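What follows is each chain in one-letter form.
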Number of protein chains: 2
Amino acid sequence: MSPVDIRAATDEDWPKIWPFFAAIVDAGETYAFPDGLTLETARPWWMEEPPGLTVVAVDGDRVLGSAKMGPNRPARGAHVATASFMVDPASQGRGVGRALGEYVVEWARAAGYRSMQFNAVVETNTSAVRLWQSLGFDILTTVPEAFDHPEHGLVGLHIMFQRF
Amino acid sequence: MSPVDIRAATDEDWPKIWPFFAAIVDAGETYAFPDGLTLETARPWWMEEPPGLTVVAVDGDRVLGSAKMGPNRPARGAHVATASFMVDPASQGRGVGRALGEYVVEWARAAGYRSMQFNAVVETNTSAVRLWQSLGFDILTTVPEAFDHPEHGLVGLHIMFQRF
């Protein structure tokens, strides 16, 4: 496996992100995005504007995964960062999620955020939960039955947090 | 004091909500809305579209307070409701917040939501915290130092929750 490079996403990257974004949203196991998004309507749900940032993990011309990051709330809450992650299912198992997670934490620290909060980590997504824990995040609480999982039914959403 | 009536907000109500919305946001003690909102740019931050709803508490022609409510997340999270509340400081102490809170809980139950989540209740806003507790909400966790209070500095944001 070649190393994973991470760089800011451009407009030209979005059509390469969209196929795995759509596959992951359709699978319905990890994210509560709206139903029926298209290439065009999904774009503002993933492609951040400053002060936020969207990055891609690439292997040459191939986009393996993506992350978006920025303030969790505006103004009086803007010192807390948040982020979301998607890895192409075809590229799982080669450390793309971990590389994106490490990038995002470093970005938020460097940008002066005081902490980072994940608002909705599906509790059955145990590989993601373990990854975030290994990067320093704690589960603050689990909102019970807050996510309608296609296989497991109503499952909890973890709120995860790391102080920098 | 005359009783408080609560009804769906119309476009014509927004200019009557805006003055106390702006005063409350400017005071900076309870909400993390963006800085620099205007009558026009603030409107979509408060006036909900279906399936959400914005209501006003009125005494005749006078708007005393307002609440907005709807799904906390789209699609696979849309069975959990959320809501926000603003009471004109000039109308505090006459039960407007409680009347709005009771209305919103009843609306969410009747609409078939399974639960309601408040994502960011400023911990120093103790009158609101006590009101929500009296209406059946529990504090699931407190995100530490997540709100920059103009007087108290960095204070926590409670995540409050009620299962129906």
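Scope of this entry: the structure provided in the associated data block. Quick caveat: nothing in here was measured; it's all calculated off a predicted structure.

The next thing to look at is the overall build of chain A. What chain A contains, in helices and strands, is four helices and seven strands. Written out in order from the N terminus, the α and β elements of chain A read β-α-α-β-β-β-α-β-α-β-β. Here the C-alpha atoms of chain A give a radius of gyration of 15 Å, agreeing with the 15 Å that 2.2 N^0.38 yields for 164 residues. The principal-axis extent of the C-alpha atoms belonging to chain A is close to 40 × 40 × 30 Å. Looking at the 164 residues of chain A, the share that counts as buried comes to 50%. Taking the contacts inside chain A whose residues are at least 6 apart along the sequence as the reference set, 61% of them involve residues at least 24 apart. With an accessible surface of roughly 7,400 Å², chain A has 49% of that area assigned to carbon and sulfur atoms. The distance from the centre of the 13 positive side-chain charges to the centre of the 20 negative ones in chain A is 9 Å.

Moving on, we come to the interface of chain B and chain A. Note on interface size: it is often stated as the accessible area lost on association of the parts. At the junction of the two partners, chain B supplies 33 residues and chain A supplies 33 residues. Both sides of the chain B and chain A interface together cover about 2,700 Å² of buried area, and 60% of this is carbon and sulfur. The tally of links between chain B and chain A comes to four salt bridges. Where E145 of chain B meets R114 of chain A, a salt bridge forms, and the shortest distance between an N and an O atom there is 3.5 Å. For the side of chain B that touches chain A, the elements supplying multiple residues, two or more each, are β5 (115–122), β6 (138–149) and β7 (153–163) of chain B. A total of ten residues in the side of chain B that touches chain A trace back to one element, the largest contributor, which is β6 of chain B. When its residues are assigned to classes, the side of chain B that touches chain A shows 18 nonpolar, eight polar and seven charged.

This part is about the relation of the copies chain B and chain A. The operation relating the two chain copies consists of a rotation about an axis and a shift along that axis. After a rotation of 180° and a shift along the axis of 0.0 Å, chain B superposes on chain A with an RMSD of 0.0 Å. The transformation relating the two chain copies, once decomposed into turn and shift, fits a two-fold axis. Proximity to the rotation axis, assessed at the C-alpha, singles out T141 of chain B in chain B; its C-alpha lies 3.0 Å from the axis.

Following the sequence through the fold, A110 of chain B ends up in helix α3 (residues 96–110). Here the alpha-carbon distance between A110 of chain B and T141 of chain B, two residues 31 residues apart in the chain, equals 27 Å.

All right, on to the pairing of strand β4 (residues 80–87) of chain A then. All names here are of chain A. Most of β4 is tucked away: eight of the eight residues are buried. Burial of the side chains of β4 extends over both faces: V80, T82, S84 and M86 are buried on one face and A81, A83, F85 and V87 on the other. Alignment of strand β3 (residues 62–71) against β4, held across seven bridges, turns out to be antiparallel. Within β4, the residue paired with A67 across the bridge is F85. Of the strand pairs in this sheet, β4 and strand β5 (residues 115–122) are connected by two bridges, and their pairing is parallel. When the sheet's bridge partners are listed, V80 is paired in β5 with S115.

Moving on, we come to the sheet that holds β5 of chain B. All names here are of chain B. Spatially, seven strands are ordered β1-β2-β3-β4-β5-β7-β6 in an open sheet, and the strand pairing comes out mixed. This sheet does not close on itself; its edge strands, each paired only once, are β1 (5–8) and β6. Here the average twist between neighbouring strands, direction ignored, is 25°. Relative to strand β2 (residues 53–59), β1 runs antiparallel, the two being bridged by four bridges. Its bridge partner being in β2, A8 is matched across the sheet by V55. The strands touched by α3 are β1, β2, β3 (62–71), β4 (80–87), β5 and β7; relative to β3, the strand with the most contacts, the crossing angle is about 30°.

Now for the pattern of salt bridges. Scanning the entire structure with this criterion turns up 14 salt bridges over all chains. Between E48 of chain B and K68 of chain B there is a salt bridge; the shortest N-O distance is 3.4 Å. Linking E48 of chain B in the loop between α2 (39–46) and β2 with K68 of chain B in strand β3, this pair joins segments that are 20 residues apart in sequence. Looking at K68 of chain B, the relative accessible area reads 15%, which means it is buried. A salt bridge links E102 of chain B to R98 of chain B; its shortest N-O distance comes to 3.9 Å. Within this pair, E102 of chain B and its partner R98 of chain B are both found in helix α3, separated by four residues, close to a single helical turn. Through salt bridges with shared partners, one network takes in R114 and R163 of chain A together with E145 of chain B.

We now examine the packing of α3 of chain B against helix α4 (residues 126–134) of chain B. Residue and element names in this part refer to chain B. The N-to-C vectors of α3 and α4 enclose an angle of 40°; their axes lie 10 Å apart at closest approach. As summarised for this structure, α3 and α4 are arranged oblique, according to the angle between their axes. Crossing of α3 against α4: the hand is right-handed. Judged by residue contacts, G97, R98 and G101 of α3 engage L131, W132 and S134 from α4.

The rules behind these values
Residues numbered from 1 in each chain as written. Chains lettered and ligands numbered in written order. Predicted model: local features only at pLDDT ≥ 70, side-chain atom pairs only at ≥ 80, totals over all residues. Heavy atoms only, no water. Helix = DSSP H or I, 4+ residues; strand = E, 2+ residues; numbered from the N terminus. Rg over C-alpha atoms; globule rule 2.2 N^0.38 Å. Buried < 20%, exposed > 50% of the residue type's maximum accessible area, 1.4 Å probe, protein only. Contact = heavy atoms within 4.5 Å. Areas by Shrake-Rupley, 256 points an atom, 1.4 Å probe, with all protein chains shown as cover. Lys, Arg positive; Asp, Glu negative; His and termini not counted. Charge placed at Lys NZ, Arg CZ, Asp CG, Glu CD. Buried area = accessible area lost by both parts, 1.4 Å probe. Salt bridge = Lys/Arg side-chain N within 4 Å of Asp/Glu carboxyl O. Nonpolar A, V, L, I, M, F, W, Y, C, P; charged D, E, K, R; others polar. Least-squares fit on C-alpha atoms with pLDDT ≥ 70 in both. Pairing = 2+ DSSP bridges. Axes fitted to C-alpha atoms, helices over the stretch in contact; angles between N-to-C directions. Parallel < 35°, antiparallel > 145°, perpendicular 65-115°, else oblique. Left-handed = near helix turned anticlockwise from the far one by under 90°.

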